[in-house]
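# Structural characterization, general
Okay, here's what each chain looks like letter by letter:
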Amino acid sequence: MAKKALITGITGQDGYHLAELLNKKGYEVFGIIRGQHNPKRITVEREQPFVKLIEGDLTDPSSLIRAVELAQPDEVYNLAAISHVGHSFKVPQLVADVTGKGVLNMLEAIRLSGRADQIRFYQASTSEMFGGLDYNRPGLGYDEEAVFHPRSPYGVAKLYAHWITKNYRESYNMHASCGILFNHEGERRGLEFVTRKITNAVARIHLGKQDHIELGNLDAKRDWGYAGDYVEGMWRMLQQDEPGDYVLGTGETHSIEEFLTEAFKAVGIDDWKPYVKQNPAFMRPAEVDILLGNPAKAETVLGWKRTVDFPGLVKLMVENDIKIESESSK
Ligand code: NAP
Ligand code: F7E
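Summarised in this report is the structure supplied together with it. (Residues numbered from 1 in each chain as written. Chains lettered and ligands numbered in written order. Predicted model: local features only at pLDDT ≥ 70, side-chain atom pairs only at ≥ 80, totals over all residues. Heavy atoms only, no water.)

## Re the pairing of strand β6 (residues 175–181)
- The buried fraction of β6 amounts to seven of the seven residues, a majority that puts the element mostly inside the structure.
- Residue alternation in β6 divides its side chains into two sets, His-175, Ser-177, Gly-179 and Leu-181 and Ala-176, Cys-178 and Ile-180, and both sets are buried.
- Here seven bridges tie strand β5 (residues 120–126) to β6, and the two strands are oriented parallel to one another. Across the sheet, Ser-125 pairs through a bridge with Ile-180, a residue of β6.
- Note that β6 and strand β11 (residues 245–248) share four bridges and pair parallel. Counted as the bridge partner of Ile-180 is Val-247 from β11. (Buried < 20%, exposed > 50% of the residue type's maximum accessible area, 1.4 Å probe, protein only. Helix = DSSP H or I, 4+ residues; strand = E, 2+ residues; numbered from the N terminus. Pairing = 2+ DSSP bridges.)

## Comments concerning the site of ligand 1
- Near ligand 1 there are 26 residues, and of these Thr-11, Arg-34, Lys-40, Ser-83 and Tyr-154 occur at the shortest range.
- Taking Leu-58, its main chain carries an N or O atom lying 2.9 Å from a nitrogen atom of ligand 1.
- Within the backbone of Ala-81, an N or O atom sits 3.1 Å from an oxygen atom of ligand 1.
- Bound to the protein, ligand 1 loses 91% of the 900 Å² it would expose on its own.
- The set of elements that each furnish at least two residues to the shell around ligand 1 consists of α1 (13–24), β5 and α6 (153–172).
- Counting residues per element, the shell around ligand 1 draws most heavily on β5, at three residues. (Near = heavy atom within 4 Å. Polar contact = N/O pair within 3.5 Å; in protein donor to acceptor, adjacent residues only side chain to side chain. Areas by Shrake-Rupley, 256 points an atom, 1.4 Å probe, with all protein chains shown as cover.)

## A look at unusual backbone geometry
- For Gln-72, which is not a glycine, the phi torsion comes out positive at approximately 50°.
- Within the secondary structure, Gln-72 sits in the loop between α3 (61–71) and β4 (75–78).
- By relative accessible area, Gln-72 is classed as partly exposed at 29%.
- Of note in the backbone geometry, Asn-173 takes a positive phi value of approximately 60° without being a glycine.
- Structurally, Asn-173 is set in the loop between α6 and β6.

Structural measurements only, silent on function.
Structure below.
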């Protein structure tokens, strides 16, 4: 019989890639969708008709109990969150409720389902829990043992979610794993994140639809990988006999300036400076200056390895945005 997976955050970047992966593997895929007028419902229905959508919200415990009851899943992937770090400073309490306490609601729905011993759980933890300040091992990067020091309401909420997941593993013997994922991007990345904001603007500048882009801090460094690679790692975590925590990253870090250089290079522009203006509105009250992941454990235990490198990632995103922007009149 086909395995069943329930995905929260089905309309997000990772939800798309994970649903594709699990469908290819023969899973029956269920996705929790929120809101009465969610325009992304149509997108999922058209692009991924194999996904069975169930209405629900991480802040509504009864909807999660109903979703677990309807799907009877073997695996639950909790990808839902308010995931934008800058936005989290503006709606910190909502972020605590969704990104933090919402995970407790999901864990309780599983615990009380009567099938907790048959359900494996994945929690989408994040490199934002490290915060960049205690970067005391230059060159080695953050691994599963590194010190946490979150620098945003998002990072703090995710740290609660991370520990409550570990707590349910230890208290109730649940097969609950946390993937501590460094930034991963791709064709499905939201336009509000810096990589896609840049590749979309580069495409539009190339096509004469826009003349500049406004950004915040250009000095920050991130460990950027491809989302398609990272969902493979999530799945591998849940196939292990024992639950655990794993870092997924590339082991490389690049600045926003380097990303700009690579993106503009893809359309034949060597000097990006005339096209970029800095706008303080995109600065954050506290910044994470540098993130670098050490995925040695995932590589050894899970046999996981990223397949897309930094230049390859930027190129695929720019080419995808040129295609989309060429087909749209605005
Ligand atoms: P994303 O594109 O922002 O997707 C977030 C998803 O969460 C969307 O489907 C959204 O639904 C859903 N959601 C938001 N609030 C909800 C609520 N109250 N109830 C139910 N669903 C809700 O994020 P992503 O990039 O795919 O990331 C997936 C997960 O990994 C997130 O938890 C994120 O924090 C974490 N993460 C991401 C990265 C990364 O680099 N991408 C790295 C580490 C960890 P709507 O469409 O209805 O808004
Ligand atoms: O910012 C700087 C910004 O919003 C990256 C989420 O998926 O990854 C993501 O969080 C950097 C920051 O991603 C703009 O200040 C400059 O230093 O693309 P971002 P993020 O904050 O790293 C982690 C791992 C997650 O878990 C999160 O869910 O870029 N930056 N100018 C800008 N950032 C944005 N968004 N927009 C700008 O104009």
